[in-house]
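Breakdown of the fold
Spelled out, the chains give:
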Amino acid sequence: EDQVTQSPEALRLQEGESSSLNCSYTVSGLRGLFWYRQDPGKGPEFLFTLYSAGEEKEKERLKATLTKKESFLHITAPKPEDSATYLCAVQARRGETSGSRLTFGEGTQLTVNP
Amino acid sequence: DARVTQTPRHKVTEMGQEVTMRCQPILGHNTVFWYRQTMMQGLELLAYFRNRAPLDDSGMPKDRFSAEMPDATLATLKIQPSEPRDSAVYFCASGLVPNQETQYFGPGTRLLVL
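Residues numbered from 1 in each chain as written. Chains lettered and ligands numbered in written order. Predicted model: local features only at pLDDT ≥ 70, side-chain atom pairs only at ≥ 80, totals over all residues.

Examining the overall build of chain A
Secondary structure summary: chain A contains zero helices and eleven strands in total. Put simply, chain A runs from its N terminus to its C terminus through helices and strands in the order β-β-β-β-β-β-β-β-β-β-β. At 14 Å, chain A has a C-alpha radius of gyration in line with the 13 Å of a compact globule built from 114 residues. By its C-alpha atoms, chain A is 45 × 30 × 20 Å across when sized along the principal axes. The burial tally for chain A puts 35% of its 114 residues in the buried class. (Helix = DSSP H or I, 4+ residues; strand = E, 2+ residues; numbered from the N terminus. Rg over C-alpha atoms; globule rule 2.2 N^0.38 Å. Buried ≥ 20, exposed ≤ 12 C-beta atoms within 10 Å, placed from the backbone.)

So, in structure tokens, the structure goes:
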């Protein structure tokens, strides 16, 4: 069974204080690891997909990295508008009937204070 | 700006009533997912369709939940009869397989069963 564990559950930062969120996963053959951002009262918004260990992707102040067991979402010099819940999900290599399903972690609730 | 749309956005109903939630996937997407999000369980996959055919509904309580895709532009999730434990936010997501595995989420239907 695929498992995703995110830490910490909640993180408070001061504006400009860089940090990292962790996503540990267990999956039998990773097809892709996904990062989403979710604002209160809204649906998850896609950020990144990572496919293989060593891969990195960047978007503004966010950088996602991937190893064989975990992924990190690095936030550099965050701003208050980066406050949100960040969700990690994995997709396993499987047959046609279940190949697209995502297993989500519980998320990290990030608050950036001005 | 292509988006997944969901109706209604909010629903309050009494226990035992039928609830129908609707989703319009992004035009051209061939895969539709239904998720439920609660504080306790996080995001859980209920069912998904590819090319309108159900591929996996193992996450759905079969006795009261049903999901259908009457056509390529409409997916429905029904609960009959509804129970207080069904109170949650229900998200629809769509994607295009095999071109990309990313799932794009709608804004959700917030359901409260009294």
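A few points about the sheet that holds strand β1 (residues 3-7) of chain A
All names here are of chain A. Taking strand neighbours across the sheet as the criterion, the five strands line up as β1-β3-β8-β7-β6 in an open arrangement whose pairing is antiparallel. Single-partner strands in this sheet number two, and they are β1 and β6 (56-59). With strand direction ignored, the average angle separating the axes of adjacent strands in the sheet is 15°. Bridge analysis of strand β3 (residues 19-26) against strand β8 (residues 70-75) gives six bridges, and the strand direction is antiparallel. (Pairing = 2+ DSSP bridges. Axes fitted to C-alpha atoms, helices over the stretch in contact; angles between N-to-C directions.)

Digging into unusual backbone geometry
Following Ser7 of chain A, the chain continues to Pro8 of chain A via a peptide bond in cis, the omega torsion being -10°. Residues other than glycine seldom take positive phi values, yet Asn51 of chain B does so here, at roughly 50°. Among the structural elements, Asn51 of chain B can be located in the loop between β5 (42-50) and β6 (53-56). The exposed category is assigned to Asn51 of chain B, around which 11 C-beta atoms lie within 10 Å.

Remarks on the interface of chain B and chain A
With 18 residues of chain B at the contact, the number on the chain A side is 17 residues. Residue assignment for the side of chain B that touches chain A shows that the elements contributing at least two residues are β5, β6, β9 (88-95) and β10 (104-105) of chain B. When residues of the side of chain B that touches chain A are assigned to their parent elements, the largest contribution, four residues, is made by β5 of chain B. (Contact = placed C-beta atoms within 7 Å.)

Describing the sheet that holds strand β3 (residues 19-24) of chain B
Paired through backbone hydrogen bonds, the strands of a sheet run either parallel or antiparallel to each other. Residue and element names in this part refer to chain B. Taken together, four strands build an open sheet; the order of strands is β1-β3-β8-β7 and the sheet is antiparallel. For this open sheet the edge positions go to β1 (5-7) and β7 (65-71), each flanked by a neighbour on one side alone. For this sheet the average axis-to-axis angle between neighbouring strands, irrespective of direction, equals 20°. Pairing of β1 with β3, which is carried by three bridges, proceeds in the antiparallel orientation. The partner of Thr5 across the bridge, within β3, is Gln24.

Some words on the nonpolar core
The nonpolar side chains of soluble globular proteins are, as a tendency, buried together. Formed by 54 residues in total, the largest nonpolar core has its most connected members in Leu33, Trp35 and Ala89 of chain A together with Phe33, Trp34, Cys92 and Ala93 of chain B. With seven residues, strand β9 (residues 84-92) of chain A is the single largest residue contributor to this core. When sequence neighbours within four positions are dropped, the list of residues in contact with Leu33 of chain A reads Tyr25, Leu50, Leu66, Ser71, Cys88 and Val90 of chain A. (Core = buried A, V, L, I, M, F, W, Y, C linked by C-beta atoms within 7 Å.)

Digging into the pairing of strand β11 (residues 108-113) of chain A
All names here are of chain A. Burial along β11 is one-sided: the face carrying Thr108, Leu110 and Val112 is buried and the face carrying Gln109, Thr111 and Asn113 is not. Pairing analysis gives five bridges linking strand β2 (residues 10-14) to β11, with the strands arranged parallel. In the sheet register, Ala10 faces β11, and the bridge partner there is Gln109. By the bridge criterion, three bridges tie β9 to β11 in an arrangement that is antiparallel. Looking at the pairing, Thr85 lines up with Gln109 of β11.

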